[in-house]
Structure formats: C-alpha cells, structure tokens
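In case you want the letters, here they are:
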Amino acid sequence: MMDALGEPQSVLVLGGSSEIALATVKALPRARLRRVILAGRLSPALDAAVADLIAIGISGVVAESFDATDTSAHAEFVDRIFAAGDVDVVLLAFGVLGDQAEAENDPALAVTMATTNYTGAVSVGLHVARRLRVQGHGTLVVMSSVAGDRARRTNFVYGSTKAGLDAFAQGLGDALHGSGARVLIVRPGFVRTRMTAGLDEAPMTLDPEDVAAIIVTALRKGKETVYAPGPLRFVMMGLKSVPRPVFRKLPI
Amino acid sequence: MTTPVESPLARGASEQLLAGWGRTSPTLARVEQVSSVDEVRQVVAGAGPRGVLARGLGRTYGDGAQSGGAVVLDLSPMSDVTLDPATSTVTAGAGASLDALLRIIVPTGFFVPVTPGTRMVTVGGAIAADVHGKNHHVEGTFGSHVQSLTLVDGRGDVRILEQSGQGEEFWATVGGMGLTGVMTEATFDLIPITSSMISVDTDRTKDLDDVMARMIEGDDRYRYSVGWIDSAHPSGRGVLTRGDHAPAAWLPAKRRADPLAYGAKAIATVPPVFPNGLVNPLTMRAFNEVWFRKAPMSRRGELLPIAAFFHPLDIAHEWNRGYGPAGFLQYQFSVPDAAGHLVGTTLDRLRAIGAMSPVTVLKRFGAANPGPLSFPQPGWTLAIDVPAGVPGLAQVLDGLDELVLAEGGRLYLAKDSRMSPAMMAASYPRLGEWQRVRDRMDPNGVFTSDLARRLSL
C-alpha cells in the first residue's frame, strides 16, 4: 500500500534494466519499500540492476523474466505478480530506439520497434490496468517521449511508436479515472542513456537521475502528464504549431 | 455521459473511493448496505479474493476503514437502540452512531461510558478501534465497558462474544480494527447522569512541565481531563480542562426544569474549496494564540453542555477539508510515564519542520485492558494533527517512531496512516497472539483492510 506520505511498498518495473526506471526506483522514498520486481529479458544487465538496488539497501528486489513482444504470456505474468501482493507503482519503461535510416532500409527493424514500444506496451498496459482496477489503487507510469508529440523526419519510426503509446496511455488514464488506479505519462526529451549513446545531444538534455526526480515528484503530486524537463511542455507546444513546410526543414 | 462499452476498467455504480478522515490514500471498493445479520452472513459467505470490511462513519484518520477492491459494508440500517434503565445498559446496532445514541439516552438520564473527541463514530467502530476519551485515566476504553457483542466471523457464523466468556476472541475483537469479523450489535454499560451539563475547571498552563505536573497531581480528582497544547509555541503552553457530570442541583434555576435537555448540532459544513497550505506556521501561530488567550487563566465550576465539552470539533461538518486536497494525518503515541519527555521532543521536532496544527491533545492514560491490539497503556498520550504535505515529515515521524518504540510506546491504529510493518510488530509485542486468534476466527482471510495490508497484520 502507498501510505499517507506517498511511500510505496511495492514497485514493478517492466523493462527492468532501463536506466531511467532504475534511477526512478532509487529516487523513490524507500523507507517502506519491500518488494521491487525488475522484469525484463534475463541478462547480465538485469542481474546488475538487481545487484545495484540491493547494494543501496533496498530489500525484496527480484528479477523476473519478461518479454514485451511475447504478448501471449502477458496475462499469466501480470496475474502472477499481482497474486503475490498488491503493486503500488508500475513503471512501463521498456522500449527500443532503432536507427531511423536503418529502419527505413529494413522495415523489419521498424516492425520490431513498433512491436516492442507500442504493441507490447498496449498488451501489458491493459493487463496491468485490469489488476490495478481490481485492487482499487496504484499508479501505472508510462514512459512516453516528446518524440511522440510530433513526428520528425529524423526519427519518425520511433516517434510514431511513442505517439501511439502516448495516445493509448491518455485514454487508459481516462478509462481508469475515479477507479483508484491512475496513469502518469512521462514525456522526456533527450536523456543520456545507453539508448542514446553516440547520438548528438539536444538542448535541455537530462541524465536519468533528473528524469527520475521529476517522476517521483509527479507521483507524489498525483500528476497525469509530466515533461522532463518541465519547460519542454512549452517547447513542444510551440513546435506542434509550426506549419509542416517549415517544420520539415527544421534541423531537429 | 454513458460509457459506450461495458468497461472492466471504469468505476461501477456501487463503487466508491474511500479514504480516512485524513483524506490521504483513497482506494476503490464496492460499498454494500446491509440491514440484517443474514445479509451480513451472505456477503461473508460470498466473499471474493479482495475480502470484506465493515466501515462506520469513516473517522479513522488513516486506512483502517477502507479496503481496495473489497466489499465494504455499510451497517447504518443496523442501528436499533434498546435501553435498559434498570441495569444502566444499552444494546445498540453496530451501525448506530454515538450521535444518535446520545440523542436517545441523554434525555433519559444516561451517558455513553466513553466518548472520543467526536460523536460521529459508530458503536462498531468504537469497539473495533477500542476508542478512549477524556476519562481513560479512571474508566479505561470503550471496549472495557462492553458486556457482549454479536459478530459474524470469517466462516459466516454468528457469534456472541462476552467479556466474561470467550475472553480471547472478545479481546481480539476489541481493538481488532474489524479484522476478526463484522460486528452487528453490542451491549454496554452506561453512565447514569442527572443533568446534561458538565462542570468544568479550566486552567491556562504556562508550559509543558506545568501542564504535565498539574495532570499528574490533580487528574485523579476528575473523571474527565484533557490538555490542549499550543503546538506553534516553543513553551508548549496550553489549556487544561477537567470536569465531571454536574448534578441537576448545580444547574441554575431556569434550567432545573429540564436538566437533561440535550442539543447538539453542527452549525456549518466546511465546503471542499480549501487549497493546500492554509494550515501553516503563520495561520497556526495566529489561531493558537487566540485559542490560548480565549481561555481563562483559571476558572472553576463552569457549566458546559455535553457537546461543547466533549465534541467541540463536531460544530463543523467535514472540517477535514480545511487541510486541502493533500490531506493530513494525526500522530498519536502512548508512552509510559518515564518517557514523558517524548511529548516535548515530538512537539519540538514537528515545529522545527513547520508541522503545526490547531488540534494538539495531551492526555494521561490509566490501566491498559487485556486487548492485544488495544492502544492505551498507563502513562502519556499525545495526539497532534499535521498536514501531510509538510516536507521532511516522513523522516521526522520515522525518527519519532524509533524513540517511541525504544521507550516501550506505540502508535494508535485508528490514527496511523504511515508507520512501518516493523514498527507495528515491535511496538505491539502481542501481535502474534492476536493473529493466532484472528486466524481461528477468520481462517480464510475474508476480513482485510488497507491498513492490514500495509502493516502485514
């Protein structure tokens, strides 16, 4: 149960080796934390993430095998996690950022991105929502992206997967309104992670820890949508109103 | 607007978001009104995996009277009251409120054995939380005055538990926060009175030492005693009010014709328009200053109506809205006499982070009762309201928990909304004993609450 001061007891991370999700778990109030499930493809990175959280004194950390693209297994997986106890916060944090040029040359790569980032998220997101609804409380945090706010020439395949995910999460949040369960949509800009290593940094670039701090504050305040950093909201507002002929020529 | 599809995600018609009085952590439950023991049995027999919980008037500050995903029973139709003047006892439905009860019994010359600071609680809730009042130092908790209670246990069986009989199950239910079954009725002792007025002695106290010394020295002479503390003032100054039921002969001539006249009404309902942050150091210093100055330096034998003496906060409905949507909590501990210094420590540490309130109450507790989860123990209890949004509050309260625990103290489950399961287990050393009895009464775990889940009860 989340207590009166916003201290969660249990957290499920879908995409357990995601750097932003891990930073978020570390930034959460941890005095009451006693169950953290890092779900992802079993890998040295996932093991390292578990060890990382244990090392800073978080108890009850376990790794669970989870494949976002294996949607037929999602129901059983989610039910098993929730059957063992209520989950206060679910971080939906998996996703792949393929190279745009490669995806244009190899649509199969684009399909992988779409399957993971959108199809997989819709599947597990609905299963999680069903269980949060049954337990009558809990927050699903969906890692969206400003890339989904408006399609850009330079990364529209990835952007379109996040646009779909974001629209899904908005509707899901509205469907759950008043049910005790909530959806928090997080739209980060450029974040320095393994995913973006080697790419040119954009203005307003953040570290995973910065995004984590923004997520934790938004959780505490019960927000529905948050940009990271916050002022990106206004940048995106501006960009969304730029006419297409101009927008496609912008160096972004 | 209607939902175009039958959505498994949307809130159903009978479902409500339920929170405690502090309004901090709402969860959704299906609320079912029941009006007979048989209906309660049917609900228990058909309980789903999220369980069943009875809820009274929702004055529990934290999450004790809510249970996400569960069926939450509203027993308000089960509120029959049968008074037996010959034995000074009453049998009341668990859903009867003390408010309704007082309107019946006071004009006939009786008072409830114990009343908390609000009359807006039910009989079932008063027993489940084993509430205490201003007379605890001499007369103990509400549960101590219950002769017998009727309860539907986890098997759906109707049980009559008597204080003198199956003591173990009776005392697991008293203070058991509704987790041993659904109480449907209780018979308890009343206090005979000849007037509806309280004779009150009031003293301003200059600091904490002053109020504590006066309470140690003089509380024995009074049936009712409570200290209000100015939580915004470093001295811990306050106002001590003590009294007893006034005999009819003490009333002024014009009131002697109808000495048991009882009126208690709220004069306002606080609207849900208050933002967070109105309860802050500035407003609290001002409010508490006025409250302190308003009290006489020393006054003897003032006659006050029951409602004014016992339930001053009930003058306004929904006053919890004044804290804004972020809500608030109450930190209430009990510690043995030797740890009286924790009263000052608590006030100091909370004041240091700007956590002050209009409601800060100091009280001496008398003997504990046999209930394994009953809160009061001989010594001191301090209760202080705090806005939930004060930065650093979680850490300060965790630190205070450690001090309370180290002194053999504990927190009140009816107020708690944030202690750790470890604190619970360590500060209620008889938790295991209670759990064994509870498991016998509810072998399939039908009865549960958010509090029970949070504290692993």
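The rules behind these values
Residues numbered from 1 in each chain as written. Chains lettered and ligands numbered in written order. Predicted model: local features only at pLDDT ≥ 70, side-chain atom pairs only at ≥ 80, totals over all residues. Helix = DSSP H or I, 4+ residues; strand = E, 2+ residues; numbered from the N terminus. Rg over C-alpha atoms; globule rule 2.2 N^0.38 Å. Buried ≥ 20, exposed ≤ 12 C-beta atoms within 10 Å, placed from the backbone. Contact = placed C-beta atoms within 7 Å. Pairing = 2+ DSSP bridges. Axes fitted to C-alpha atoms, helices over the stretch in contact; angles between N-to-C directions. Core = buried A, V, L, I, M, F, W, Y, C linked by C-beta atoms within 7 Å. Nonpolar A, V, L, I, M, F, W, Y, C, P; charged D, E, K, R; others polar. Arc of directions from axis to C-beta. Domains from an automatic or database assignment. pLDDT = per-residue confidence, 0-100. Expected span 1.5 Å × (residues − 1).

A.B. asks: Tell me what's going on with the overall build of chain B, and back it up with residues and numbers.
C.D. replies: Looking only at helices and strands, chain B features 13 helices and 21 strands. In terms of overall size, chain B behaves like a compact globule, its C-alpha atoms giving a radius of gyration of 22 Å where 457 residues would be expected to give roughly 23 Å. Taken along its principal axes, the extent of the C-alpha atoms in chain B is 65 × 55 × 50 Å. Every one of the 457 residues in chain B was classed for burial, and the buried ones make up 51%. For chain B, contacts bridging at least 24 residues in sequence account for 76% of all contacts bridging at least 6.

A.B. asks: Describe the sheet that holds strand E21 (residues 410–411) of chain B, with residues and values.
C.D. replies: Residues and elements named next belong to chain B. Taken in spatial order, the eight strands make up an open sheet running E16-E12-E14-E13-E19-E20-E18-E21, and their pairing is antiparallel. Where the open sheet ends on each side, the last strands, each with one partner, are strand E16 (298–305) and E21. Strand contacts of helix H9 (residues 341–352): strand E13 (224–229), strand E18 (328–335), strand E19 (360–365) and strand E20 (379–387), with the helix running at about 10° to E20, the strand carrying the most contacts.

A.B. asks: Give a detailed account of the nonpolar core, specifying residues and quantitative values.
C.D. replies: One finds Leu73, Ile127, Met183, Ala186 and Val386 of chain B to be the most contacted residues of the largest nonpolar core, which totals 119 residues. Residue contacts for Val386 of chain B: discarding those within four places in its chain leaves Phe328, Leu329, Tyr331, Leu350, Ala355, Ser357 and Leu393 of chain B. Counting 71 residues, the second-largest nonpolar core is a separate cluster that includes Val36, Ala93, Ala147 and Leu184 of chain A.

A.B. asks: Now, about the pairing of E19 of chain B: what can you tell me, with residues and values included?
C.D. replies: Here is the key point about a regular strand: its side chains alternate between the two faces of the sheet. All names here are of chain B. Counted residue by residue, E19 has five buried out of six residues, so it is predominantly covered. Where E13 meets E19, two bridges bridge the pair, whose relative direction is antiparallel. When the sheet's bridge partners are listed, Gly227 is paired in E19 with Leu362. Here E19 pairs with E20 via six bridges, running antiparallel. Of the residues in E20, the one forming a bridge with Val361 is Ala383.

A.B. asks: Give a detailed account of the environment of Ile20 of chain A, specifying residues and quantitative values.
C.D. replies: Residue and element names in this part refer to chain A. With respect to the helices and strands, Ile20 occurs in helix H1 (residues 19–27). With 26 C-beta atoms packed within 10 Å, Ile20 lands in the buried category. Separated by 190 residues in the primary sequence, Ile20 and Asp210 place their C-alpha atoms 8.9 Å from one another. Excluding residues within four positions of it along the chain, Ile20 makes contact with Ala93, Met143, Val191, Thr193, Pro208, Val211 and Ala212.

A.B. asks: Would you mind going over the sheet that holds strand E1 (residues 15–18) of chain B in detail, with residue names and values included?
C.D. replies: Strands in a sheet are paired, the pairing made by backbone hydrogen bonds, and the direction either parallel or antiparallel. Residues and elements named next belong to chain B. Spatially, the four strands line up as an open sheet ordered E1-E2-E4-E3, and their pairing is mixed. Strand pairing shows two members of the sheet lacking a second neighbour, E1 and strand E3 (52–55), which therefore form its edges. Adjacent strand axes in the sheet meet at a mean angle of 45°, parallel and antiparallel pairs treated alike. Where E1 and strand E2 (residues 27–33) come together, four bridges link them in antiparallel fashion.

A.B. asks: I'd like a description of the interface of chain B and chain A, backed by residues and values.
C.D. replies: Taken residue by residue, the interface counts 28 residues in chain B and 23 residues in chain A. Listed by contribution, the elements that provide at least two residues to the side of chain B that touches chain A are E2, helix H10 (393–406) and helix H13 (450–455) of chain B. Broken down by class, the residue content of the side of chain B that touches chain A amounts to 11 nonpolar, 10 polar and seven charged.

A.B. asks: Tell me about helix H12 (residues 431–441) of chain B, and name the residues and values.
C.D. replies: Since one α-helical turn is 3.6 residues long, residues separated by three or four positions face the same way. Residues and elements named next belong to chain B. Within the sequence span of H12, burial applies to Trp434, Arg438 and Met441. An end-on view of H12 places all buried positions within 55° of arc, on one side of the element. Set apart from the buried face of H12 by more than 90 degrees, the exposed residues are Gly432 and Arg436. For H12, the elements touching its buried residues are helix H5 (167–173).

A.B. asks: Describe in detail the domain arrangement of chain B, supporting the description with residues and values.
C.D. replies: Residue and element names in this part refer to chain B. By domain assignment, chain B separates into domain 1 (81–193) and domain 2 (197–420). Here domain 1 and domain 2 have C-alpha centroids that lie 23 Å from each other. In this complex, domain 1 contributes 32 residues to the contact, which on the side of domain 2 involves 29 residues. Taken together, the elements giving at least two residues each to the side of domain 1 that touches domain 2 come down to helix H2 (98–105), helix H4 (136–139) and H5. Class assignment of the residues belonging to the side of domain 1 that touches domain 2 gives a composition of 13 nonpolar, 15 polar and four charged.

A.B. asks: Please give an account of the confidence of the model for chain B that cites residues and values.
C.D. replies: Across chain B, the average pLDDT comes to 95, with 98% of residues at 70 or higher. Our summary of model confidence lists the complex with pTM equal to 0.94 and ipTM equal to 0.92.

A.B. asks: Go over helix H6 (residues 156–175) of chain A with me, naming the residues and quoting the values.
C.D. replies: Residues and elements named next belong to chain A. In a regular helix each residue adds 1.5 Å, so 20 residues correspond to 28 Å; H6 covers 28 Å between its end C-alpha atoms and thus fits that length. Restricting attention to buried positions, one finds in H6 the residues Val157, Tyr158, Gly159, Thr161, Lys162, Leu165, Asp166, Ala169, Leu172, Gly173 and Ala175. In the core, the buried residues of H6 are packed alongside helix H4 (100–105), helix H5 (107–135), strand E5 (138–143) and strand E6 (181–188).

A.B. asks: Go over unusual backbone geometry, please, and point to the residues and values.
C.D. replies: In the segment running from Ala228 of chain A into Pro229 of chain A, the intervening peptide bond is cis, with an omega of 0°. Relative to the assigned elements, Pro229 of chain A resides in the loop between strand E7 (225–228) and helix H8 (232–240).

A.B. asks: Tell me about the environment of Ser14 of chain B, and please be specific about residues and values.
C.D. replies: All names here are of chain B. Along the polypeptide, Ser14 turns up in the segment before E1. The class of Ser14 is exposed, set by 11 C-beta atoms lying within 10 Å. Separated by 423 residues in sequence, Ser14 and Val437 have C-alpha atoms that sit 33 Å apart. Setting aside chain neighbours within four positions, we find Ser14 in contact with Arg30, Val31 and Glu32.

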